[in-house]
Amino acid sequence: MKDILNELEGRRSAARLGGGQKRIDSQHGRGKLTARERVELLLDAGSFEEFDMFVTHRCTEFGMENQKPAGDGVVTGWGTINGRMVYVFSQDFTVLGGSVSETHAKKICKIMDMAVENGAPVIGINDSGGARIQEGVDSLAGYGEVFQRNIQASGVVPQISVIMGPCAGGAVYSPAMTDFIFMVKDSSYMFVTGPDVVKTVTNEHVTAEELGGAGTHTKKSSVADAAFENDVEALAEVRRLVDFLPLNNRAKPPKRPFFDDPARIETSLDTLVPDNPNQPYDMKELILKIADEGDFYEIQEDFAKNIISGFIRLEGQTVGVVANQPMVLAGVLDIDSARKAARFVRFCDCFDIPILTMVDVPGFLPGTSQEYGGVIKHGAKLLFAYGEATVPKVTVITRKAYGGAYVVMASKHLRADFNYAWPTAEVAVMGAKGATEIIHRADLDDPKKIAQHTKDYEDRFANPFVASERGFIDEVIMPHSTRKRVARAFASLRNKQTQMPWKKHDNIPL
Amino acid sequence: MFKKILIANRGEIACRVIKTARKMGIATVAIYSDADRQALHVKLADEKVHIGPPPANQSYIVIDKVMQAIKDSGAEAVHPGYGFLSENAKFAEALEVAGVAFVGPPKGAIESMGDKITSKKIAQEANVSTVPGYMGLIEDADEAVKISTEIGYPVMIKASAGGGGKGMRIAWNDEEAREGFQSSKNEAASSFGDDRIFIEKFVTQPRHIEIQVLADSHGNCIYLGERECSIQRRNQKVVEEAPSPFLDEATRKAMGEQACALAKAVGYTSAGTVEFIVDGEKNFFFLEMNTRLQVEHPVTELITGVDLVEQMIRVANGEALSITQDDVKLNGWAIENRLYAEDPYRNFLPSIGRLTRYRPPEEVVAASHVVRNDTGVYEGGEISMYYDPMIAKLCTWAPTRGAAIEAMRVALDRFEVEGIGHNLPFLAAVMDHSKFVSGDMTTAFIAEEYPDGFEGVTLAGADLRKVAAACAAMHRVSEIRRTRVSGRMDNHERKVGQDWHVSLQGQAFAVKIDADPEGSTVTFEDQTALRVSGDWTPGDQLADMTVDGAPLVLKVGKVTAGFRVRTRGADLKVHVRSPRQAELAAKMPEKVPPDTSKMLLCPMPGLVVKVDVGVGDEVQEGQALCTIEAMKMENILRAERKGVVTKINAGAGDSLAVDEVIMEFE
């Protein structure tokens with residue numbers, strides 16, 4: 001018995017050392033933590049329960065039979081984040097470069113299957129050189145198994161990917177199908193083909209950082225949802241995100257004690273919208289002043305800044321926020337902003353997170369680049385996402401709600417539950433000037449008449465009342481009481497139930 | 001008494017006057033420009049009259065428009081505040097013609113004190129001490145030496161046409177006077193084409209000390225002590241106090257009596273201020289007289305108990321002063337800090353925009369101390385580019401100077417201003433500066449103590465420990481709340497530990513927290529312990545804590561995985577971690593921020609109108625690089641030095657945030 005215990009201890013120590021002290025030092029030297037250190041930071045202290053510590057690969061090609069490190073390059077198991085269960089896998093770059101083998105993939109699949117069965121999020125920490133080439137198709141099969149599980153888990157449990165090293169080739173498609181991707185600046189990158197191949201094929205000279213670094217993916221490609229300075233910060237922020245998310249699609253979003261009066265009045269909001277309709281203002285101020293304790297977890301902060309998405313809490317409960325940002329491109333909807341918001345809305349709907357929409361939108365961005373880029377179908381994504389969402393939906397129009405964009409932004413017509421408007425709201429087909437130039441084309445040469453027509457149009461439509469008379473706006477509310485009104489609205493919707501007709505699944509214009 | 005008074009001003013001073021008028025039962029009329037539609041003074045006044053577009057020269061200082069507003073509103077008197085029309089003799093005259101009382105001095109006094117030469121002449125005639133000097137032209141070096149000896153060294157030799165320090169020499173003896181005369185003359189001839197030279201006494205260790213006078217139309221004139229305003233930045237006063245820590249009773253009396261003599265010599269009525277420059281030996285010399293209410297009048301009010309605005313209104317109403325010189329007793333100490341919308345980290349560049357948060361400290365009137373805040377803005381209001389960047393005057397009073405300074409430190413810590421750049425950190429730094437604390441300052445204080453501008457405050461050891469202890473306690477509270485989230489596994493909850501590691505300002509402290517219902521005892525590695533209490537809850541932006549028995553007020557914000565804490569002028573990122581987290585965090589590489597000296601950063605959020613250069617262009621210092629439109633204003637960004645453009649990151653139509661990199665240079 002004692003021998004067995006000694007062997008167990010010996011095997012455990014060996015497994016914990018991963019690729020050995022030298023490789024651990026080299027990992028640290030690159031500013032990266034080891035797979036186990038990352039798990040430690042991600043989970044509550046002492047809560048990690050490991051699976052498959054002694055799993056080894058079965059490959060005998062190319063001398064692999066002589067290298068059989070315990071664990072096979074990935075640490076898997078479950079633990080808690082602030083007491084709530086999550087499953088985790090963390091690739092170990094010190095073991096065979098974190099390369100994915102058949103068994104490595106199997107370990108990941110095991111915890112993903114358990115996550116789906118037991119209803120807890122999956123958090124994957126990616127730090128892998130890619131497929132284990134020695135294994136050939138077995139390795140690819142492993143990827144495939146993981147992909148299929150990503151798909152099956154999608155919408156069942158939240159899936160979060162944290163890219164903390166290389167993630168290249170086919171490997172990118174597993175994170176790509178998860179709900180959120182976080183990256184670490186300067187030490188992580190993602191691409192389908194690396195700089196060398198790019199150079200050979202297209203003759204483009206590009207660094208790994210430029211091709212697939214955190215900056216590229218948070219600002220240009222929108223593949224990643226946020227980037228952080230280092231591993232420690234990234235993992236702390238993942239913990240913070242998990243605090244917002246439900247464990248699965250049958251659980252309610254989490255609630256936690258809060259220290260902020262839901263009826264808090266913010267008189268400063270009465271002056272948020274400037275007198276001049278063309279002057280921008282910062283929609284984030286409104287979000288922060290509505291949110292419990294001013295706490296806002298922004299998703300895709302650096303991409304398509306003309307729309308804002310992220311999580312807040314109201315009365316301690318998670319609410320997803322989508323808001324036009326007048327500070328950027330006047331808050332216009334375009335391809336990027338529609339895609340960004342659509343994906344966020346669909347995430348919220350999957351996981352029963354109520355959606356608060358703040359509207360100040362002058363319309364869709366015109367131009368050939370938009371039309372050629374397919375703004376019709378991309379814009380339709382957001383429209384579709386809002387329309388199919390059955391979670392509680394509360395909308396506040398602060399200023400412009402023009403044209404088709406008005407309908408898209410969680411209007412009454414898309415079955416929003418509460419549609420509020422500030423007194424500064426203007427619900428109209430377009431701005432008064434544009435409308436006048438169409439309606440009164442005959443008077444275009446007479447600036448005096450046009451001015452009068454414009455004023456008439458403004459008087460008629462540059463207000464929330466016409467829409468209120470139709471019932472498209474439920475009530476005109478004072479800006480200072482927005483937090484209170486919105487919080488009460490969501491409180492009244494806690495037992496909302498809506499059914500969509502049976503279907504296999506919808507056919508959102510992808 | 002008047003039934004209705006119009007305040008021909010805006011901002012805090014208009015609000016200040018309205019307050020007293022209301023106390024006296026007088027109705028008030030505010031005037032406002034387009035930019036001030038929503039301003040506080042307009043909200044406070046009983047009536048309001050619109051007087052034109054935002055620029056002051058099209059509204060507040062257009063006499064005809066103000067006169068029309070007076071006529072329309074039926075006001076019987078006008079208080080001009082300071083600035084704008086307050087020292088405009090034509091305005092005083094227009095009021096006289098219209099039969100409306102001017103709450104200020106007679107126009108003759110305004111005129112004679114408004115001119116530097118005339119006022120000096122009148123002062124000399126009234127036996128007021130003026131800076132000795134020779135105003136005539138000086139022929140040669142011998143004469144220069146003779147005159148210098150007569151005046152007494154040190155002397156300043158100045159070019160008559162001089163400016164900007166050119167053609168100016170200081171001489172401490174005959175030798176230097178001879179040399180100085182020659183070199184000044186040469187420099188003046190080459191720089192200005194005018195080699196006329198004059199000599200005056202050079203005042204060493206100069207302090208700016210001024211006397212508040214109050215006179216009625218019945219021949220009474222009293223002085224209400226002095227104010228010291230030596231802490232100035234480019235002649236803009238920043239900190240004032242009363243009394244001065246420098247004056248003795250005899251000097252005060254001499255200055256006060258001379259000030260009254262001058263006031264009488266010009267037939268002065270109402271409140272006025274006689275400014276002196278005082279040297280290290282307490283010799284004082286007349287500078288000028290301000291024929292209006294001064295910005296810094298509250299400190300005098302706080303130590304004398306006299307409401308100067310009320311007195312001005314009564315005097316304007318023809319009443320005799322109800323107080324005599326003997327009634328004026330200086331009680332305790334008062335300090336004023338001017339809060340400017342100027343970013344101290346960007347060389348005090350004016351900052352405009354929306355006040356997303358504006359929470360002044362609570363005003364207090366107690367025997368131990370007084371906190372008074374004269375303000376013209378409110379949360380959600382707009383700081384516009386059209387007017388003075390001063391947004392509030394924070395004053396404290398206490399029986400002693402030390403206590404008044406301490407009250408000010410706490411009041412500054414409690415003052416929450418967000419949305420614009422402001423000088424609160426700088427003011428806090430001054431309040432902790434040893435020279436200010438000891439009262440040993442001159443008008444060169446800011447230039448000498450902050451020669452390279454203001455770069456923030458580094459907290460000293462004991463203060464840093466207090467902040468560390470408070471943050472550890474706050475972090476623990478936050479973490480405990482996090483463990484109370486719904487959906488957790490029963491019986492497998494996260495336990496929040498006692499041991500923490502606080503890193504801030506490049507230092508780290510390992511602490512242990514023992515919490516009880518009243519607070520926490522935070523023990524450091526060296527076994528010293530600090531007791532921390534306070535009712536801070538997560539999300540509070542102001543933490544009013546007691547650490548080690550003393551108040552510690554922190555402004556608390558969020559940074560990634562930590563707190564942003566501001567206190568006593570310091571702006572810190574604080575990370576509180578478990579020992580294991582800290583151990584791993586220590587392995588993280590130090591990221592050096594990119595060298596921005598070779599980049600053009602966007603100084604304000606705005607839209608790129610055009611980029612004037614291309615990659616590879618060589619640019620010269622001062623060359624236009626790019627135009628940014630912000631707040632409807634086009635700002636041309638120019639090259640700070642010669643260089644070659646290597647990369648351009650923005651194009652016309654892009655909208656940029658502050659500090660976004662527009663282009664990079666070789």
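Starting afresh in each chain, residues are numbered from 1 along the sequence in its written order. The naming scheme follows written order: chains are lettered A onward, ligands numbered 1 onward. Predicted model: local features are reported for residues with pLDDT of at least 70 only, side-chain atom pairs are reported and counted for 80 or more only, and whole-chain, interface and lining totals are derived from all residues. Side-chain metrics in this entry use all non-hydrogen atoms of the structure; hydrogen atoms and water are not considered.

**What to know about the nonpolar core**
Now for step 1: Each nonpolar core is a collection of buried residues, namely Ala, Val, Leu, Ile, Met, Phe, Trp, Tyr and Cys, held together in the definition by side-chain atoms within 4.5 Å. Only protein chains enter the area calculation, which uses a 1.4 Å probe; residues under 20% of their type maximum are buried, those over 50% are exposed, and those in between are partly exposed. Residues Ile160(A), Phe182(A), Phe311(A) and Leu382(A) are the most contacted members of the largest nonpolar core, which totals 67 residues.
Now for step 2: Each helix corresponds to a stretch of at least 4 residues labelled H or I by DSSP, and each strand to a stretch of at least 2 residues labelled E; elements are numbered beginning at the N terminus. With seven residues, the top contributor of residues to this core is helix α12 (residues 335–350) of chain A.
Now for step 3: One finds Leu394(B), Met408(B), Phe426(B) and Leu427(B) within the second-largest nonpolar core, a separate group that totals 38 residues.

**Quick look at the pattern of salt bridges**
Now for step 1: We define a salt bridge as a side-chain nitrogen of Lys or Arg found within 4 Å of a carboxyl oxygen belonging to Asp or Glu. For the structure shown, the criterion picks out 92 salt bridges over all chains.
Now for step 2: Notably, a salt bridge pairs Glu437(A) with Lys433(A), separated by 3.4 Å at the nearest N-O pair. On the criterion of helical spacing, the pair formed by Glu437(A) and Lys433(A) is a turn pair, its members being four residues apart in helix α16 (residues 432–439).
Now for step 3: Accessibility expressed as a relative area gives 31% for Glu437(A), which makes it partly exposed.
Now for step 4: Between Glu301(B) and Arg372(B) there is a salt bridge whose closest N-O contact spans 2.8 Å. Note that Glu301(B) is positioned in helix α10 (residues 297–304) and Arg372(B) in strand β21 (residues 370–375), a separation of 71 residues in sequence.
Now for step 5: On the accessibility criterion, Glu301(B) (7% relative accessible area) is buried.
Now for step 6: Arg372(B) sits in the buried class, given a relative accessible area of 15%.
Now for step 7: In the salt-bridge network here, residues are joined through shared partners; they are Glu237(A), Arg240(A), Asp243(A), Arg256(A), Asp295(A), Arg313(A), Glu479(B), Arg482(B) and Arg494(B).

**Some remarks on α10(B)**
All names here are of chain B.
Now for step 1: In terms of residue burial, α10 counts as a mostly covered element, since eight of its eight residues are buried.
Now for step 2: Of all the residues in α10, the buried ones are His-297, Pro-298, Val-299, Thr-300, Glu-301, Leu-302, Ile-303 and Thr-304.
Now for step 3: Positive phi appears at Gly-305, one or two residues downstream of α10, with a value of about 75°.

**Section: the domain arrangement of chain A**
Now for step 1: Split into domains, chain A comes out as domain 1 (2–242), domain 2 (267–425 + 463–492) and domain 3 (431–461).
Now for step 2: The centre of domain 1 of chain A, based on its C-alpha atoms, is set 61 Å off from the matching centre of domain 3 of chain A. Residue ranges for the domains trace back to a domain assignment, done automatically or taken from a database.

**Things to note about the sheet that holds strand β33 (residues 599–601) of chain B**
Residues and elements named next belong to chain B.
Now for step 1: One open sheet holds the four strands; their spatial order is β33-β40-β38-β35, and the pairing between them is antiparallel. Each edge of the open sheet is held by one strand with a lone partner, namely β33 and β35 (618–619).
Now for step 2: Any two strands with at least two DSSP-identified bridges between them are counted as paired. Sheet topology places β33 next to strand β40 (residues 661–665); three bridges connect them, and they run antiparallel. Its bridge partner being in β40, Leu-600 is matched across the sheet by Met-663.

**Some remarks on the side chain of Lys381(A)**
Residue and element names in this part refer to chain A.
Now for step 1: Mapped onto the fold, Lys-381 is located in helix α14 (residues 375–388).
Now for step 2: Positive charges come from Lys and Arg alone, negative charges from Asp and Glu alone, with His and the N- and C-terminal ends not counted. Despite its burial, Lys-381 pairs with no opposite charge; the closest candidate is Asp-336, at 9.4 Å N-O.
Now for step 3: It only takes one pair of heavy atoms within 4.5 Å for two residues to be counted as in contact. When residues no more than four places from it in sequence are discounted, the contact partners of Lys-381 are Arg-339, Ala-342, Ile-508, Pro-509 and Leu-510.

**Description of the confidence of the model for chain B**
Now for step 1: A residue's pLDDT is the confidence the predictor assigns to it, expressed on a 0 to 100 scale. Averaged over all residues, the pLDDT of chain B is 92; the fraction at 70 or higher stands at 98%.
Now for step 2: Looking over chain B, one finds the lowest element-wise mean pLDDT in strand β37 (residues 633–638) of chain B, namely 76, and the highest in α10(B), namely 98.

**Some remarks on the packing of aromatic side chains**
Now for step 1: Between 30 and 60 degrees the pair is tilted, below 30 it is stacked and above 60 it is edge-to-face, where a pair is any two Phe, Tyr or Trp rings, Trp via its six-membered ring, whose centres lie within 6.5 Å. Applying the stated rule across the entire model yields 27 aromatic pairs over all chains.
Now for step 2: Pairing Tyr60(B) with Tyr387(B) gives two aromatic rings, centres 5.6 Å apart and planes at 80°, and the pair type is edge-to-face. Taken together, the residues span a long stretch of sequence, with Tyr60(B) in the loop between β3 (47–50) and α3 (63–73) and Tyr387(B) in the loop between β22 (382–383) and β23 (390–398) at a distance of 327 residues.
Now for step 3: By relative accessible area, which is 0% here, Tyr60(B) ends up buried.
Now for step 4: Classification of Tyr387(B) by relative accessible area gives buried; the value is 10%.
Now for step 5: Seen from their ring centres, Phe348(B) and Phe426(B) are 5.1 Å apart, and the 85° between their planes marks the pair as edge-to-face. Taken together, the positions of Phe348(B) in the loop between β16 (342–343) and β17 (349–350) and Phe426(B) in helix α13 (residues 424–431) put the pair 78 residues apart, joining distant regions of the chain.
Now for step 6: Relative accessible area serves as the criterion here: at 8%, Phe348(B) is assigned to the buried category.
Now for step 7: By relative accessible area, Phe426(B) is classed as buried at 1%.
Now for step 8: In textbook terms, an aromatic cluster arises when at least three aromatic residues are bridged by ring pairs, as seen for Phe180(A), Phe244(A), Tyr297(A), Phe311(A), Phe344(A), Phe347(A) and Phe351(A).
Now for step 9: Taking the ring centre of Phe93(A) as reference, the NZ or CZ of Lys32(A) above it sits at 4.6 Å. Look at NZ for Lys and CZ for Arg. If either is within 6 Å of the ring centre and within 35 degrees of the ring normal, a charge sits over the ring.

**Details of the pairing of strand β14 (residues 284–290) of chain B**
Now for step 1: For β14(B), the buried fraction is high: five of the seven residues fall into the buried class.
Now for step 2: Hairpin connection between strand β13 (residues 270–278) of chain B and β14(B): a loop of five residues separates the two successive antiparallel strands, and Lys282(B) in this loop has a positive phi of roughly 70°.

**A word on helix α11 (residues 283–290) of chain A**
Now for step 1: With six of eight residues buried, α11(A) lies mostly within the body of the structure.
Now for step 2: All buried positions along α11(A) are accounted for by Met283(A), Glu285(A), Leu286(A), Ile287(A), Lys289(A) and Ile290(A).
Now for step 3: Buried residues along α11(A) sit against β11 (307–314), β12 (317–324), β13 (355–361), β14 (393–402) and α19 (482–492) of chain A together with β18 (353–354) of chain B.
Now for step 4: Two N or O atoms form a polar contact when they lie within 3.5 Å of each other; inside protein one atom must be a possible hydrogen donor and the other a possible acceptor, and for residues adjacent in sequence the pair counts only when both atoms belong to side chains. Residue Asp282(A) occupies the N-cap position of α11(A), its side-chain oxygen lying 3.0 Å from the main-chain nitrogen of Lys284(A).

**What about the side chain of Lys32(A)?**
Now for step 1: By the element assignment, Lys32(A) lies in the loop between α2 (21–29) and α3 (35–42).
Now for step 2: Taking the relative accessible area as the measure of exposure, Lys32(A) reaches 5% and is therefore buried.
Now for step 3: Contacts of Lys32(A), omitting those with residues within four sequence positions, involve Gln27(A), Arg38(A), Phe93(A), Asp127(A), Met164(A), Gly165(A), Pro166(A), Ser187(A), Asp231(A) and Met588(B).

**What about the pairing of β13(B)?**
All names here are of chain B.
Now for step 1: Counting buried positions along β13 yields nine of nine residues, so the element is predominantly enclosed.
Now for step 2: Where strand β10 (residues 207–215) and β13 come together, nine bridges link them in antiparallel fashion. When the sheet's bridge partners are listed, Arg-207 is paired in β13 with Val-278.
Now for step 3: Note: β13 against β14, six bridges, orientation antiparallel. By the bridge assignment for β14, Val-274 is matched with Met-289.

**Focus: the environment of Ala392(B)**
Residue and element names in this part refer to chain B.
Now for step 1: Summarising the element assignment, Ala-392 is placed in strand β23.
Now for step 2: With a relative accessible area of 0%, Ala-392 lands in the buried category.
Now for step 3: For Ala-392 and Arg-338, which are 54 residues apart along the polypeptide, the C-alpha to C-alpha distance reads 6.1 Å.
Now for step 4: Setting aside its immediate chain neighbours within four residues, Ala-392 contacts Asn-337, Arg-338, Leu-339, Tyr-358, Asn-373, Asp-374, Thr-375 and Phe-415.

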